[in-house]
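In case you want the letters, here they are:
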Amino acid sequence: MSAKKIPYKMYLSEEEMPKTWLNLKAFMPEQHEPFLNPATGKPCSAEELEVVFCKECVEQELNCTDKYIEIPEGIRNFYTNFRPSPLIRAYFLEKMLDTPAEIYYKFEGNNTSGSHKLNSAAAQAYYAKKQGLTSVTTETGAGQWGTALAMACAFYGLDLKVYMVKTSYEQKPYRKEVIKTYGADIIPSPSDTTEAGRKILAEFPGTGGSLGCAIAEAVETAVKTPNCRYVLGSVLDHVLLHQSVIGVESKIALDKYGVQPDIVIGCVGGGSNYGGLISPFMAEKLEGKNNIRFIGVEPASCPSMSRGKYAYDFCDSAKITPLAKMYTLGCEFMPSPDHAGGLRYHGMSPVVSKLYHDGYMEVKAVKQTDVFKAAEQFARCEGILPAPESSHAIKVAMDEALECKKTGEKKVILFGLTGTGYFDLAAYKQFNDGTMKDYIPTEEDLARGFASIPEI
Ligand SMILES: *Cc1c(COP(=O)(O)O)cnc(C)c1O
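Residues numbered from 1 in each chain as written. Predicted model: local features only at pLDDT ≥ 70, side-chain atom pairs only at ≥ 80, totals over all residues. Heavy atoms only, no water.

Trainee: Residue-level account of the overall build of the protein, with values.
Mentor: Across its full length, the protein carries 17 helices and 15 strands. Against the 2.2 N^0.38 benchmark of 23 Å for 456 residues, the protein shows a C-alpha radius of gyration of 21 Å, consistent with a compact globule. Its C-alpha atoms give the protein principal-axis dimensions of about 60 × 50 × 45 Å. A total of 456 residues make up the protein; the buried ones form 61% of that total. For the protein, contacts bridging at least 24 residues in sequence account for 77% of all contacts bridging at least 6. (Helix = DSSP H or I, 4+ residues; strand = E, 2+ residues; numbered from the N terminus. Rg over C-alpha atoms; globule rule 2.2 N^0.38 Å. Buried < 20%, exposed > 50% of the residue type's maximum accessible area, 1.4 Å probe, protein only. Contact = heavy atoms within 4.5 Å.)

Below you can see the structure in the form of structure tokens.
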């Protein structure tokens, strides 16, 4: 057991902040299969990827050999705006659950974007600027990613166009104002500013849009605008690399107190926060140095891993992106609109998919009302109003702590609290009003999604 009394908040000093990211792929015995160009069926070359993405990010995307990659000073400088983030010992939650388990969570919601997404937004904006680009484009659904990227572009001096799914644009007017305050241009998608948007508007007038359509518009604009590239907030290997700062900081803080986690839990949407949180712990597991249990948590309404297929699929529903080998429900799988939180992505990070496929981690799917019950209990004792996405991890961390209560085991549980829920109050309202529903796709729903997986 640890000798020192563990404080409620374990802050690192700015000098203790990591100077390198951890490239988990370099520790993996086998790599995931490469991205394929759908036009040729061949692996995407760096040159092909560099038409769409920043050069340095493409290099990181394809790097499977360097275990540690330097975080440039220009990025560490911006990180000090909101990092190091606290690792919190959940004494209040432990007491409420009356569990012998020790619970820790890494809180990434302490910045205006309200989530971990700023870790990668900072890196991608920095590299875009360094390459001499003048603007970048992206899409946003719920808005955390759009906000994070707007903050990073304001800091580094880049123009940004954000295509926001029209339903979210209309439902979340305040999100929009935050993004505008940071100087980005925000366009409801589908729009008449792109061919992809005009085509969808002609076919489905009055549509509320989709992430797939917003991606198509953002990529088209990036490719057609001089000195412009597209940036993505999750799924890709370089995004996981940037998010490794979450795990590396967590490990430094735990090591200071001699604490070893037994279970590491996180929510998985595209897999970026979880891939980042687990990176140093999983690297040690792959080296045979620990036997930690890793649990990714997904919504029962969009069970990409627990009920998905491991196959090559498009990363977007418009079928314009490269094909990735990943767990997927099919690029045309439609998650229920009743589902409140994020984590509605049909696919999963190829790195996280490979780890799951090779048996290094487990996955649990949880129902939305159970998630909000956990969120409410957590908010009442720990004080933080959690994002619905993050609350998936809370739910399973609480279940594991209650299991310890039954068995009397004093396990150490670490989970990722990815963000705050201030822009998710419509979902909290549904929960409070008792009108929130649970949605679980039927076998027919899944079959319809699987039918959109291309045959390779
Ligand atoms: C985007 C987001 C997620 C899910 O994305 P991952 O890439 O799976 O990490 C989880 N929590 C919050 C708060 C988010 O904004």
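We are not done yet, so read on.
Trainee: Lay out the site of the ligand with the relevant residues and their values.
Mentor: In the neighbourhood of the ligand, 17 residues make up the surrounding shell, with K117, S234, G269, S272 and N273 lying closest. Within the backbone of G270, a nitrogen or oxygen atom sits 3.0 Å from an oxygen atom of the ligand. Between an oxygen atom of the ligand and a side-chain N or O atom of N273, the distance comes to 2.7 Å. Contact with the protein chains removes 94% of the 390 Å² of surface that the ligand exposes when unbound. Across the shell around the ligand, the residue classes tally to four nonpolar, 11 polar and two charged. (Near = heavy atom within 4 Å. Polar contact = N/O pair within 3.5 Å; in protein donor to acceptor, adjacent residues only side chain to side chain. Areas by Shrake-Rupley, 256 points an atom, 1.4 Å probe, with all protein chains shown as cover. Nonpolar A, V, L, I, M, F, W, Y, C, P; charged D, E, K, R; others polar.)

Trainee: Now, about the sheet that holds strand β9 (residues 228–230): what can you tell me, with residues and values included?
Mentor: With parallel pairing, four strands are arranged side by side in an open sheet as β8-β7-β6-β9. The open sheet has two edge strands, β8 (185–189) and β9, and neither has a second partner. The average undirected angle you get between the axes of adjacent strands in this sheet is 20°. In this sheet, strand β7 (residues 159–165) lies alongside strand β6 (residues 135–140) in parallel orientation, the contact comprising six bridges. Across the sheet, the residue bridging to V136 is L160, located in β7. Along the sheet, helix α6 (residues 144–156) contacts β6 and β7; its crossing angle with β6, the most-contacted strand, is approximately 160°. (Pairing = 2+ DSSP bridges. Axes fitted to C-alpha atoms, helices over the stretch in contact; angles between N-to-C directions.)

Trainee: Mind laying out the packing of helix α5 (residues 118–130) against helix α11 (residues 237–256), listing which residues take part and the relevant values?
Mentor: Each pair of packed helices gets described by two things: the angle between the helix axes and the distance between those axes. The N-to-C vectors of α5 and α11 enclose an angle of 125°; their axes lie 8 Å apart at closest approach. When the axes of α5 and α11 are compared, the pair comes out oblique. For the element pair α5 and α11, the recorded crossing hand is right-handed. Contacts between α5 and α11 involve N119, S120, A123, Q124 and Y127 from the first element and H238, V239, H242, Q243, V245 and I246 from the second. (Parallel < 35°, antiparallel > 145°, perpendicular 65-115°, else oblique. Left-handed = near helix turned anticlockwise from the far one by under 90°.)

Trainee: If you had to explain the packing of aromatic side chains to someone new, which residues and values would you point to?
Mentor: Tallied over the entire structure, the rule returns 18 aromatic pairs. Here the aromatic rings of Y79 and F82 are separated by 5.8 Å at their centres, their planes lie at 80°, and the arrangement is edge-to-face. Judged by its relative accessible area of 10%, F82 falls in the buried class. Members of the aromatic cluster, joined through ring pairs, are F78, Y79, F82, Y126, Y127, F155 and Y156. Taking the ring centre of Y169 as reference, the NZ or CZ of K176 above it sits at 4.0 Å. Positioned above the aromatic ring of F450, the side-chain terminus of K309 is 4.2 Å from the ring centre. (Phe/Tyr/Trp six-rings, centres within 6.5 Å; stacked < 30°, edge-to-face > 60°. Lys NZ or Arg CZ within 6 Å of the ring centre and 35° of its normal.)

Trainee: Mind laying out the side chain of S135, listing which residues take part and the relevant values?
Mentor: Residue placement: S135 occurs in strand β6. Residues in contact with S135, not counting those within four places in the same chain, are L158, D159, T225, N227, C228 and R229.

Trainee: A description of the sheet that holds strand β1 (residues 9–10) should follow, citing residues and the corresponding values.
Mentor: With respect to topology, seven strands assemble into an open sheet ordered β1-β4-β5-β15-β10-β11-β14, the strand pairing being mixed. Only two strands of the sheet have a single partner each, and these edge strands are β1 and β14 (362–366).

Trainee: Explain the pairing of strand β10 (residues 263–267) to me, and be specific about the residues and the numbers.
Mentor: Buried residues dominate β10, accounting for five of its five residues. On β10, burial covers both faces: I263, I265 and C267 on one face and V264 and G266 on the other are all buried. As judged from the five bridges shared by β10 and strand β11 (residues 293–299), these two strands associate in the parallel manner. Bridge pairing links G266 to G296 in β11.

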